[in-house]
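Now for the letters of each chain:
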Amino acid sequence: MKTHYIIPIFIPEKACPHRCIYCNQFNITNQTQVTDYNYVTQTIETYLQTIPKEATKRIAFFGGTFTGMSMEEQNLYLERAYPYITRGEIDEIQLSTRPDYINREILENLKHYGVRTIELGAQSLNNEVLQFSGRGHTVQEVEKSSSLIKRYNFKLGLQMMIGLPLDTKQRAIETAQKIVDLGADCTRIYPTLVIKNTFLEKLYLEGKYQPLSIADAIDQTLAVMDIFEKSHLSILRIGLHPSQSLLEGTELVAGPFHVSFKELVLSEKWRRKLQPFVDNRPHKACVIKVPAGEINAAVGYGGSNKKWLQQYYPNVRFIPTADEFEVLFS
Ligand code: SF4
């Protein structure tokens, strides 16, 4: 199986017509300079030196609003990426943008430069949540852009957030279902964090916004994941990429940040899967056969699921298997 590599090019808050209440993109990407065009080539070259030749490689323009830039400026970026596609050194170009910056002319131009995937920051598909978060677009705009992107045969990504002001678990579930209904090929799930120098920080400090706890963020993530997995929609990311400033805690004010958030989510998923097998009957040993790729999640983050089971059974063993998941007692 081929390994996939992403070459990320960050475009911090470039051409963003709004400042969403939770966003301070400069802080999150740790990049205070607007990306210059030569930086694109330098970044690609640097990554190519370390990526195996036979791997699948993708250039991804992240952050900001790519298609909010003038066409000339979009092309200055794309012209630096496209030759790698024509030379066969890179397989795909993808970018993220806002739902209200998509039209036919933009899509035709992106097609011309070999872009394959367009991810829209939908964040929520509830108009009250979008409006309060200062997103500056509506659910209807997400629907319209998604359908246009699909008509032009791009792969569609719809990113969502959980824990925004006015959002609820039920609304998050409805957002996930709509993402599926809109025909998205992939998604990302981001818990809302309170970052310094954002309007959300002000709301938080005034006691008008309470972020999700880690436990609630995990619970909501599992609820939306369940919807995506049942529809075979690929989940590209769970949780914000931990930048240096987030790791050091210098930019994070509050919220469910954890460096291994995804692992916590997968760990809890397995804990819930194992829960029905916990009974009070006396057993000496419990053997859990788990598909090899999921053994770490089954054992749990920091061995949490194993430790939890050890409260009931003196001898707990996880065994990787090529077969189905199975729990055996003796
Ligand atoms: S559109 Fe994206 S990058 Fe721009 S302010 Fe909102 S969240 Fe930040």
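Every residue gets a number counted from 1 within its own chain, in the order that chain's sequence is written. Confidence filtering applies because this is a predicted model: local features only for residues at pLDDT of at least 70, side-chain atom pairs given and counted only at 80 or more, and all residues used for totals across whole chains, interfaces and linings.

1. Things to note about the sheet that holds strand 10 (residues 285–291)
Step number 1: Any two strands with at least two DSSP bridges between them are considered paired. The numbering of helices and of strands both runs from the N terminus, where a helix is a DSSP run of H or I of at least 4 residues and a strand a run of E of at least 2. Read from one edge to the other, the open sheet built from 3 strands follows the order 11-10-12, with strand pairing classed as mixed. Looking along the sheet, the strands with just one partner apiece sit at the ends: strand 11 (315–321) and strand 12 (326–329). For this sheet the average axis-to-axis angle between neighbouring strands, irrespective of direction, equals 20°.
Step number 2: Both strand 10 and strand 11 contribute to a ladder of 7 bridges, which runs parallel. Bridge pairing in strand 11 links Cys286 to Val316. The axes used here are C-alpha line fits, helices contributing only the stretch in contact, and every angle between their N-to-C directions lies in the interval 0 to 180 degrees.

2. Focus on the environment of Gln275
Step number 1: Within the secondary structure, Gln275 sits in the loop between helix 11 (261–274) and strand 10.
Step number 2: Taking C-alpha positions, Gln275 is 9.1 Å from Leu309, a pair spaced 34 residues apart along the chain.

3. Observations regarding the packing of helix 7 (residues 169–181) against helix 9 (residues 214–230)
Step number 1: At a closest axis distance of 9 Å, the pairing of helix 7 and helix 9 adopts a crossing angle of 25°. Looking at the two axes, helix 7 sits roughly parallel to helix 9. At the point where helix 7 passes helix 9, the crossing takes the right-handed sense. Each of Lys169, Ala172, Ile173, Ala176, Gln177 and Val180 in helix 7 lies in contact with helix 9, whose residues at this interface are Gln220, Ala223, Val224, Ile227 and Phe228. Any angle between 65 and 115 degrees counts as roughly perpendicular, while under 35 counts as roughly parallel, over 145 as roughly antiparallel, and the rest as oblique. For any pair of crossing helices, the crossing counts as left-handed if the nearer helix is rotated counterclockwise from the farther one by less than a right angle, and right-handed if it is rotated clockwise. Residue pairs are scored as contacts if the distance between their C-beta atoms, which are placed from the backbone, is within 7 Å.

4. Remarks on unusual backbone geometry
Step number 1: In this model, Gln123 sits at a positive phi of 65°, which is unusual for a non-glycine residue.
Step number 2: Although it is not a glycine, Asn153 adopts a positive phi angle of roughly 65°.
Step number 3: Its location among the elements puts Asn153 in the loop between helix 6 (139–151) and strand 5 (155–162).
Step number 4: Neighbour density around each residue's C-beta defines its exposure: 20 or more other C-beta atoms within 10 Å make it buried, 12 or fewer make it exposed, and counts between make it partly exposed, where C-beta atoms are placed from the backbone. Residue classification places Asn153 among the exposed positions, given that 10 C-beta atoms sit within 10 Å.

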